Amino acid sequence: MAFGTLGRAAGISSSLLLFAALGAFVLLGAMSARTPAARAQEPRPSPPTPPPATPTGAPPSGGPFVLTATPTPLFGRPASPTPFVIPSPSVSPTPGEPDLPPAHLGYGVNIGPHSRVTYDVVSRLRVDWVKLYDVPQLDDYPGMRTLYRMDIRPRTDLDTFRREVMDRAREVARMGGDAIEVGNEPNLISEWPSGPNPQQFAQMLRIAYEAIKAVAPGMIVVSGGLAPTLNTADGGAMNDLIFANEMLSAGAGAYFDAFGYHPYGYNQPPEVDPNAHELVFRRTERVRELLEAYGLDDRQIWITEFGWLRTPKEDGIDCDGEPGFQGFEWLQFPGSVVADYTVRALQYADEHWPWVGPMFLWNLDWQLYEESYEPRCSQMRWFGILYPDGRPTVIYERFAAAARRYSEYRPVLGARTTDMTESVEAYCPVEVSIGTFKVVNEGYPVAFEAVVQPAQGPGLPTAAVSKNVVTNGDQVEVFVWTGDLEPGLHLVAVNVFAYFEGRRLSTNVRGWVLAQPPTTPGCVANAPAGARFDNVSTGR
């Protein structure tokens, strides 16, 4: 889920409930596709300032804080759903609004394992993605894209781990899955029982990535969504920014197609400045800055969980101080506020975060579980957007009605260049390298092949490239023939284009060559008859 450690940095004592049924398997549910992940959680620290909108509770002052694991409900699967059809693909900005970036978001929701929720309830949300926890669910949502969460735990028998991942990836691919999220909140001890270890997670992410790509090359691999949290004194939680920095330093950047993140809003509105408050929705921007620092600005961030907590008091239930809710009192809001924040979060990401892909609201249906599996005051229930009897809350209604600009889910060609400038002697009969560039996909993380062609024509130097066909991440070196280059400043242009599902994608790269008047005898001799430079003529 959502929160792992929430409160101990603020001096709240907590105990950790580890789910005994984890067994020896790393892939939770490996023994049976019907066994859900154990989801023990911990408290997390409070932001230092009170929220602008007053929630129905106060920041905790102390006391025990126990979170529950994901239950094992005994519900059947929905019957023969009608394939989902995406509604109107875009919403145009009104006059006076700033121009929006190209549509880039996906709209999704977390659906509980073995949920009894019907297909129509999901389709009325107008989501084009669902995040699922059990492989058999993957064929329950025709027409929608699916993200499957593959839970992992620390392992020493890495060869067995690799085989298990390959087996599970084959199964997900056979069921039509679009993406796999490897792990969940590994910066929490509740999800990484030996204690958060970014180097160990990076190693296992590498093995999982290579194993998935070996059997399902087109599967999108998302790194396990990090929990937004601060360090705790006992090491039960590791600051997500520190964890991300260390896992990237260990080489993890080569082993995910998209970076998973869980930017919960805590007790703040979605627009709050992440440099003024630690734990807010826009903390995502600090993660983006970190990716850019590692040269990973071509990777999307996938928000695989986000949301705010609806107060049980609206339903006539007082959970303050109850097990499973203790420490969450300061986070609860009326449903109308949660609904407003949720819609505003979508709008903010759409307008300001062109590097974000699918966003998955946490959660649709945890309220539908029997209380014997998920206690009435479990905080996970109150992130749900349905009532226990299946009726929609105001959050469901507002989320379903929110304006959407559906992504076309295609790559976006981009190029990362070195300083492609070079100074040469005119008329020298040599080929000179002026630099390199890397072709990258700045959009939806799918494979493509692109053609690289230097622009040729009057006034342009004769250019060549080291590769004419490239894919994501390929480096291309650019060469210029200087034998016919007159003195002066010359533009070098290289076009990169591809076709994806019938649509042309393109970008271009530019460099410059400064041709100095020749002084080398061989270059002077190669100049055309009558050419003049430095008041000297070739005389021919």
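All values reported here derive from a predicted model rather than from experimental measurement.

The rules behind these values
Residues numbered from 1 in each chain as written. Predicted model: local features only at pLDDT ≥ 70, side-chain atom pairs only at ≥ 80, totals over all residues. Heavy atoms only, no water. Phe/Tyr/Trp six-rings, centres within 6.5 Å; stacked < 30°, edge-to-face > 60°. Buried < 20%, exposed > 50% of the residue type's maximum accessible area, 1.4 Å probe, protein only. Pairing = 2+ DSSP bridges. Helix = DSSP H or I, 4+ residues; strand = E, 2+ residues; numbered from the N terminus. Axes fitted to C-alpha atoms, helices over the stretch in contact; angles between N-to-C directions. Salt bridge = Lys/Arg side-chain N within 4 Å of Asp/Glu carboxyl O. Disulfide = S-S within 2.5 Å. Parallel < 35°, antiparallel > 145°, perpendicular 65-115°, else oblique. Left-handed = near helix turned anticlockwise from the far one by under 90°. Contact = heavy atoms within 4.5 Å. Nonpolar A, V, L, I, M, F, W, Y, C, P; charged D, E, K, R; others polar.

Following the criterion strictly, the structure yields 25 aromatic pairs and no others. Considering the side-chain rings of W362 and W366, the 4.6 Å spacing of their centres and the 40° angle between planes classify their relative orientation as tilted. Assessed through its relative accessible area of 0%, W366 is described here as buried. Note on W366 and Y369: the rings are 5.6 Å apart at their centroids and 80° apart in plane angle, and the pair reads as edge-to-face.

Right, let's talk about the sheet that holds strand 14 (residues 450–454) for a bit. Strand-to-strand pairing in sheets goes through backbone hydrogen bonds, with the strands running parallel or antiparallel. Read across the sheet, five strands follow the order 12-19-18-14-16 without closing on themselves; strand pairing throughout is mixed. At either margin of the open sheet sits one strand with a lone partner, and together these are strand 12 (421–425) and strand 16 (469–470). The pairing of strand 18 (residues 488–500) with strand 19 (residues 503–516) spans 13 bridges and is classified as antiparallel. By the bridge assignment, L489 is partnered in strand 19 with L514.

Turning our attention to the sheet that holds strand 17 (residues 475–481). Judged by pairing direction, the sheet is antiparallel, and its four strands sit side by side in the order 11-13-17-15 without closing on themselves. Two strands in the sheet have a free side with no partner beyond their single neighbour: strand 11 (413–417) and strand 15 (463–465). The average undirected angle you get between the axes of adjacent strands in this sheet is 30°. One ladder, built from three bridges, connects strand 15 with strand 17; its direction is antiparallel. In the sheet register, A464 faces strand 17, and the bridge partner there is F479.

Here the focus is the pattern of salt bridges. On inspection of all chains with the given rule, the structure shows 30 salt bridges. For E171, the salt bridge is made with R168, and the minimal N-O distance between the two is 3.4 Å. On the criterion of helical spacing, the pair formed by E171 and R168 is a turn pair, its members being three residues apart in helix 2 (residues 158–174). According to the relative accessible area criterion, E171 is partly exposed, its value standing at 24%. The salt bridge involving K313 is made with D318; its shortest N-O contact spans 3.8 Å. Its relative accessible area of 35% is what places K313 among the partly exposed residues. Three or more residues are tied together by salt bridges with common partners; here these are D240, E278, R283 and R286.

By the definition in use, this model includes two disulfides. A sulfur-sulfur separation of 2.1 Å characterises the disulfide bridge that pairs C319 with C377. Its torsion about the S-S bond being -80°, the disulfide of C319 and C377 is classed as left-handed. Note that C319 is positioned in the loop between strand 8 (309–310) and strand 9 (332–333) and C377 in the loop between strand 10 (356–361) and helix 7 (394–401), a separation of 58 residues in sequence. C319 gets classed as buried once you look at its relative accessible area, which sits at 1%. Under the relative-accessibility criterion, C377 is labelled buried at 7%. There is a disulfide in this structure between C428 and C523, and the S-S distance comes to 1.7 Å.

The geometry of helix 4 (residues 240–249) relative to helix 5 (residues 284–293) is characterised by a closest axis approach of 10 Å and an angle of 20° between their N-to-C directions. For the element pair helix 4 / helix 5, the angle class is roughly parallel. Handedness of the helix 4/helix 5 crossing: right-handed. Where helix 4 approaches helix 5, its residues L241, A244, N245 and L248 are matched on the opposing element by R286, V287, L290 and L291. Classifying every residue of the contact of helix 4 with helix 5 by side-chain character gives six nonpolar, one polar and one charged.

Take unusual backbone geometry next. Look at the link from W362 to N363: it is a cis peptide, with omega at -10°. Summarising the element assignment, N363 is placed in the loop between strand 10 and helix 7. A positive phi angle, near 45°, is found at E185, a position not held by glycine. Along the polypeptide, E185 turns up in the loop between strand 4 (179–184) and helix 3 (198–215).

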